[in-house]
Amino acid sequence: MQVVYICSPYRAADEETLQQNIEYARELTREALLRGESPVTVHLYMTQCLDENDEQERNTGLAAGRELIPRCDAVIVGARHGISAGMKAEIDFARRCGISVQYIQE
């Protein structure tokens, strides 16, 4: 079973966009599960433990996510709502680690 890191936007300017981003991450995670992959979607669970509005805590979560990327077989990029700065950093890091980056642009 391939382990895939789900990369999609999270941070949002308003609650409606935040909920849209959460639903999109869930959708990508579900699709990966149904393909027989083991998805790692850190922004769905780390945000339950850390305060996204506290920059230090946000950076802690981002750093923890970066630690997981090299342990994955691929990074799945959900690009429906664009590529955020955090996503770009994850994509660049994955490429530097030699991890496959696959875009989903539906």
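Remember, predicted model here, so these are calculated numbers, not experimental data. Sequence positions are assigned chain by chain, starting from 1 and proceeding in written order. Totals for whole chains, interfaces and linings use every residue, but because this is a predicted model, local features are given only for residues with pLDDT of at least 70 and side-chain atom pairs only at 80 or more, for both listing and counting. Note: side-chain values were computed over all heavy atoms of the structure, leaving out hydrogens and water.

Peer 1: Describe the overall build of the protein, naming the residues involved and giving the relevant values.
Peer 2: Across its full length, the protein carries 4 helices and 4 strands. Listing every helix and strand of the protein by position from the N terminus yields β-α-β-α-α-β-α-β. Put simply, the radius of gyration uses C-alpha atoms, and a globule should come to 2.2 Å times the residue count raised to 0.38. Here the protein has a C-alpha radius of gyration of 13 Å; the compact-globule value for 106 residues is 13 Å, and the two agree. The principal-axis extent of the C-alpha atoms belonging to the protein is close to 35 × 25 × 20 Å. Each residue is placed in one exposure class: buried if its accessible area under a 1.4 Å probe, protein chains only, is under 20% of its type's maximum, exposed if it is over 50%, and partly exposed if it falls in between. For the protein, the residues scored as buried account for 42% of the 106 residues in total. Residue pairs at least 24 apart in sequence account for 67% of intrachain contacts in the protein once pairs closer than 6 positions are excluded. Method for areas: the Shrake-Rupley scheme with a 1.4 Å probe, in which residue coverage is limited to the protein chains shown. Within the structure as shown, the protein displays about 6100 Å² of accessible surface, and the carbon and sulfur contribution to it stands at 49%. We count a stretch as a helix when DSSP gives it H or I for four or more residues in a row; a strand needs E for two or more, and each element gets its number in order from the N terminus. Working rule for contacts: check all heavy atoms of both residues, and any pair within 4.5 Å makes them a contact.

Peer 1: Lay out the pairing of strand S1 (residues 3-7) with the relevant residues and their values.
Peer 2: Remark: a regular strand shows side chains that alternate across the two faces of the sheet. Counted residue by residue, S1 has 4 buried out of 5 residues, so it is predominantly covered. Bridge count for S1 against strand S2 (residues 38-40) is 3 bridges, and the pairing is parallel. Its bridge partner lying in S2, valine 4 is registered against proline 39. For the handedness criterion, the strands are oriented away from the viewer, and a crossover whose path from the first strand over the helix to the second runs clockwise is classed as right-handed. Since S1 and S2 lie parallel, the crossover through helix H1 (residues 15-34) that links them has a hand, and here it is right-handed. Strands were regarded as paired on the criterion that DSSP finds at least two bridges between them. As defined by bridge partners, S1 adjoins strand S3 (residues 74-78) across 4 bridges and the pair is classed as parallel.

Peer 1: Account for the pattern of salt bridges, naming residues and giving values.
Peer 2: Note that side chains of opposite charge can pair when their charged atoms are close. Here, a salt bridge means any Lys or Arg side-chain nitrogen found within 4 Å of an Asp or Glu carboxyl oxygen. Within the structure shown, the criterion is met by 8 salt bridges. In this structure, the salt-bridge partner of glutamate 23 is arginine 26, at a minimum N-O distance of 2.7 Å. Of this pair, glutamate 23 and arginine 26 both sit in helix H1, separated by 3 residues, roughly a single helical turn. A residue is classified by how much of its surface remains accessible, and glutamate 23, at 43% relative accessible area, is partly exposed. With a closest N to O distance of 2.9 Å, lysine 88 and aspartate 92 form a salt bridge.

Keep in mind these numbers describe shape, not what the thing actually does.
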